[in-house]
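Survey of secondary and tertiary structure
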Amino acid sequence: MVTETKPPAVGIRSACKDYGSFTALRSVSFDISDNEFFTLLGPSGCGKTTLLRMIAGFEGITDGAIFLYGEEIENLPPDRRPVNTVFQNYSLFPHMDVAENVGFGLRMLGWTKGDIAARVKQMIALVKLEDFAHRRPAQLSGGQQQRVALARAMAPRPKVLLLDEPLSALDLKLRQNMREELKALQQETGITFIFVTHDQEEALSMSDRIAVMSAGEVQQIGSPEEIYEFPVNRFVADFIGDTNMLEAEVQQVGEGFVTCQIGDAQLTAVASQAVTQGQKGWLSIRPERLTIASDGLPATVEQTIYLGTDTQILARIEGGLNLRVRAQNDGARLAQGDCIFLNVADGAARFLVE
Amino acid sequence: MRGFDPRNYTGFLTVTLVCLFILYAPLIVVAVYSFNDSVSITRFTGVSLRWYADVFTGLEAAKFRAAAANSFSIAIMAAMAATAIATAAAVGMVRGGNFRGKPASFALISMPIMVPEIVTAVATLIFFSTIGFALGYLSILVAHIVFCIPFAYLPIAARLQGIEASFEEAAQDLYANRWRAFRYVLAPIMAPGIFSGFLLAFIISLDDFIITNFVKGAGVETLPTAIFGAVKQGIKPNIMALSTLLLLFSILIVTLSYLIGRSGNEKYQN
Ligand SMILES: Nc1ncnc2c1ncn2[C@@H]1O[C@H](COP(=O)(O)OP(=O)(O)OP(=O)(O)O)[C@@H](O)[C@H]1O
Ligand SMILES: [Mg+2]
């Protein structure tokens, strides 16, 4: 995706942020490519908003640098940075109607009246609010306000669009629709999106790449598949999706795999980094990568939870460990106390050092 | 379940009525006797508007007119200046983050409301004579600007506190510099607060007697000092008419200020 000639859309270089004695970001560095849908994902308080506000210019940087298409911007005030923000609470101007809100940035940029009117019309059509152009924000529903906020932020053709949990105020159904619309808008306009969320499903379904953050640090950056299938550490494996996290010790180091002891059984796993024999760590196995088979790890059913398309089974393996298994509902029902065998899919077990 | 409600106490109504009577009886007497047909201020002989006519055309009309012109022009200018200063102070105080000396600044801004007016009056007079500032129209104006600031500040700051900082951030994000973010976004949203601060300052200036009396110098009168001067020579019914007019005007302005502050809050809740 990165072309040779074009510098990255956004370059973050050892960005640090202290609030007094509290460190909100510690030396964060990464690049965001042109035209990318990039997501900052992490639990509450990990510093996502802080990083976004530093890119927008609302927060100063304690140390480090931020580049926008090769130009250093961390010392520019927000009104001199060609990036726009969709605020979590939208922050639509209450005394202006939809058209005036959408045109505000253009007005401040000194566009002519005619150009503003044409662009506003185009943006309002893009977010399908033609019938509401002369309403005040207070007369719109949450979903409509959200669209106005999007149109307003995209009207000045920002080089990068920043979105801070823009969907969190919407109800579930609307949120799912807006996900698709947002993704489509991004592809249509070709604007680089930096999207903040703590909702992993949202992140997985929309992003080209995701940066998983925790406690002011980036833990892993990668495509949704990479993040989900190949987590680099325990935090990422735990935070994204559901997983069985088992304490383990490396017994044997093979070529591209390791063997670990789980309960009474030996399991082959892929290590997230180079390991040595005897090293302690964790084994992460996704519940859907465990299947009930005619042989494998012997286990007894402890509990079953019916989830519609799936059933979650809590299975106790020999040695007393409990594993969660996700099986598709195909008619067969298991009951507590049933003896089953579990098969671990190839490459499903991942050995994580920390 | 029934909460604490003073309305349930016996005698509540009586006490309320007595209090209201004590508060308003003098005003009612003045208002009623302003319509009296006779020169007497104690005996009501019939309804007439002759004292109102007297205010505008009688012997003292010229004096009242000059005083009214002073009062209104000073009140308008003082309120405008105080509102501008108070708005700047409110933006600094509410939006300036936590700077050192913030509590002290707030105390300094609102102190004049707590300080006994007579003390302020004496201090202002001493100040003017120390720096050799000639007493007259200008000294009244300066004094009024100063003591109106806290009254304008309170509604403006209250309004600003209810406005999320993200509006200004959104404006700046959309390429407005600090001034334009204030001019096009913050100020319009604050407008009800600013207007109600202006009206409050205006009425405070218009009604002020003590400070004005100290710093006005010879020959310059405002309505309150003119009324006081006239009363010293004996209370005539035309003073009651003038006072009633002033009272009605004050009520009008205060009501307006209240209504604007309230309607604005409902409209811009976000
Ligand atoms: N102005 C501030 N002063 C002091 N600490 C702050 C300030 N702003 C944020 N923090 C702290 O910095 C940390 C990161 O905050 P931030 O808002 O970036 O979190 P977040 O990842 O966006 O969380 P959420 O998902 O809850 O929005 C938090 O621990 C927060 O308490
Ligand atoms: Mg946040």
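Our focus in this paragraph is the overall build of chain B. Along chain B, the regular secondary structure elements total 11 helices and zero strands. The order of helices and strands in chain B, counted from the N terminus, is α-α-α-α-α-α-α-α-α-α-α. A buried classification covers 40% of the 270 residues belonging to chain B. Contacts spanning at least 24 positions in sequence make up 71% of the contacts within chain B whose residues lie at least 6 apart. For chain B, the exposed surface amounts to about 14,700 Å²; the carbon and sulfur share of it is 71%. Computed over 18 positive and 13 negative side-chain charges, the inter-centroid distance for chain B is 1 Å.

Okay, the state of the cysteines next. Residues and elements named next belong to chain A. Under the counting rule described, the total for this entry stands at zero disulfides over all chains. With no disulfide of its own, Cys16 lies 16 Å from the sulfur of Cys46, the closest cysteine sulfur. Looking at Cys16, the relative accessible area reads 18%, which means it is buried.

Across the boundary between the two partners, chain A contributes 25 residues, which contact 19 residues of chain B. Around 2,100 Å² of area is buried between chain A and chain B when both sides are counted, 60% of it from carbon and sulfur atoms. Of all residues in chain A, Asp79, His95 and Met108 of chain A give up the largest surface area on contact with chain B, accounting jointly for 28% of the area buried on that side. Here chain A is connected to chain B by one salt bridge. Glu169 of chain B is paired through a salt bridge with Arg53 of chain A; the nearest N and O atoms lie 2.7 Å apart. Counting across the interface, chain A meets chain B through nine residue pairs in polar contact (both at pLDDT 80 or more). Only α1 (48-56), β6 (83-86) and α2 (98-108) of chain A provide two or more residues apiece to the side of chain A that touches chain B.

Residue and element names in this part refer to chain A. Pairing is antiparallel in the open sheet, where five strands are placed in the order β15-β19-β16-β17-β18. Across the chains shown, the open sheet's two edge strands, defined by having one partner strand only, are β15 (290-293) and β18 (322-328). Averaged over all pairs of adjacent strands, the angle between strand axes in this sheet comes to 50 degrees, irrespective of strand direction. Sheet analysis places strand β17 (residues 310-317) next to β18, joined by seven bridges and oriented antiparallel. Residue pairing for β18: Thr311 is matched across the bridge by Ala327.

Let us look at the site of ligand 1. Residue and element names in this part refer to chain A. The immediate surroundings of ligand 1 are formed by 13 residues, with Ser44, Gly45, Lys48, Thr49 and Thr50 found nearest. Between Gly47 and ligand 1, the recorded distance is 3.0 Å, taken from a backbone N or O atom to an oxygen atom. Within the contact set of ligand 1, an oxygen atom lies 2.6 Å away from a side-chain nitrogen or oxygen of Thr49. Calculation on ligand 1 without its partners gives an accessible area of 630 Å², and the protein chains cover 61% of this total. Residue assignment for the shell around ligand 1 shows that the elements contributing at least two residues are β2 (22-32) and α1. At three residues, α1 tops the list of elements feeding residues into the shell around ligand 1. The residue makeup of the shell around ligand 1, split by class, is five nonpolar, six polar and two charged.

A word on a nonpolar patch on the surface. Together, Leu13, Leu17, Leu20, Leu23, Tyr24, Leu27, Ile28, Val32, Phe35, Phe44, Val47 and Leu49 of chain B give the surface a local cluster of nonpolar side chains, amounting to about 1,200 Å² of exposed area. You can see Val47 of chain B is positioned in the loop between α1 (12-33) and α2 (50-57).

Before going further, it helps to spend a moment on the side chain of Ser196 of chain B. All names here are of chain B. Mapping Ser196 onto the fold places it in helix α8 (residues 178-207). According to the relative accessible area criterion, Ser196 is buried, its value standing at 8%. In this structure, Ser196 is in contact with Pro155, Ser257 and Gly261, ignoring residues within four places of it in sequence.

Under the counting rule described, the total for this entry stands at 19 salt bridges over all chains. Residues Glu59 of chain A and Lys17 of chain A are paired through a salt bridge, measuring 3.8 Å at the closest nitrogen-oxygen approach. In this pair, Glu59 of chain A is assigned in the loop between α1 and β4 (63-68) and Lys17 of chain A in strand β1 (residues 10-19), connecting sequence segments 42 residues apart. With a relative accessible area of 19%, Glu59 of chain A lands in the buried category. When its relative accessible area of 8% is taken as the criterion, Lys17 of chain A is described as buried. Two residues, Glu181 of chain A and Arg147 of chain A, come together in a salt bridge whose shortest N-O distance is 3.1 Å. One end of the pair, Glu181 of chain A, is in helix α5 (residues 172-189); the other, Arg147 of chain A, is in helix α4 (residues 142-154), with 34 residues separating them in the sequence. For Arg147 of chain A, a relative accessible area of 15% corresponds to the buried category. In the salt-bridge network here, residues are joined through shared partners; they are Lys17, Arg53 and Glu59 of chain A together with Glu169 of chain B.

Once that is clear, we can look at the sheet that holds β6 of chain A. Residues and elements named next belong to chain A. Spatially, six strands are ordered β6-β7-β8-β3-β9-β10 in an open sheet, and the strand pairing comes out mixed. With partners counted over all chains shown, the strands left at the sheet margins are β6 and β10 (217-222), one partner each. If you compare each strand with its neighbour and ignore which way they point, the axes differ by 20 degrees on average. Bridge count for strand β3 (residues 37-41) against strand β9 (residues 209-214) is four bridges, and the pairing is parallel. Across the sheet, residue Leu40 finds its bridge partner in β9, namely Ala211. This element, α1, spans β3, β6, β7 (160-164), β8 (192-197) and β9 of the sheet and lies at about 150 degrees to β7.

Let's shift gears to helix α3 (residues 61-95) of chain B. Look at α3 of chain B: 49 Å from first C-alpha to last across 35 residues, which is about the 51 Å you get at 1.5 Å a residue. Note on α3 of chain B: the residue one or two positions beyond its end, Gly97 of chain B, has a positive phi of about 70 degrees.

Residue and element names in this part refer to chain A. In terms of burial, β9 is a largely internal element, five of the six residues being buried. Where β9 lies against β10, five bridges are found, and the strand directions are antiparallel. Its bridge partner being in β10, Ile210 is matched across the sheet by Gly222. Hairpin remark: β9 followed by β10, antiparallel, with two residues in the connecting loop; positive phi at Ala215, about 45 degrees.

Reading guide: rules and limits
Residues numbered from 1 in each chain as written. Chains lettered and ligands numbered in written order. Predicted model: local features only at pLDDT ≥ 70, side-chain atom pairs only at ≥ 80, totals over all residues. Heavy atoms only, no water. Helix = DSSP H or I, 4+ residues; strand = E, 2+ residues; numbered from the N terminus. Buried < 20%, exposed > 50% of the residue type's maximum accessible area, 1.4 Å probe, protein only. Contact = heavy atoms within 4.5 Å. Areas by Shrake-Rupley, 256 points an atom, 1.4 Å probe, with all protein chains shown as cover. Lys, Arg positive; Asp, Glu negative; His and termini not counted. Charge placed at Lys NZ, Arg CZ, Asp CG, Glu CD. Disulfide = S-S within 2.5 Å. Buried area = accessible area lost by both parts, 1.4 Å probe. Salt bridge = Lys/Arg side-chain N within 4 Å of Asp/Glu carboxyl O. Polar contact = N/O pair within 3.5 Å; in protein donor to acceptor, adjacent residues only side chain to side chain. Pairing = 2+ DSSP bridges. Axes fitted to C-alpha atoms, helices over the stretch in contact; angles between N-to-C directions. Near = heavy atom within 4 Å. Nonpolar A, V, L, I, M, F, W, Y, C, P; charged D, E, K, R; others polar. Patch = residues over 30% accessible without salt bridge, like charges linked within 9 Å, V, L, I, M, F, W, Y side chains within 5 Å. Expected span 1.5 Å × (residues − 1).

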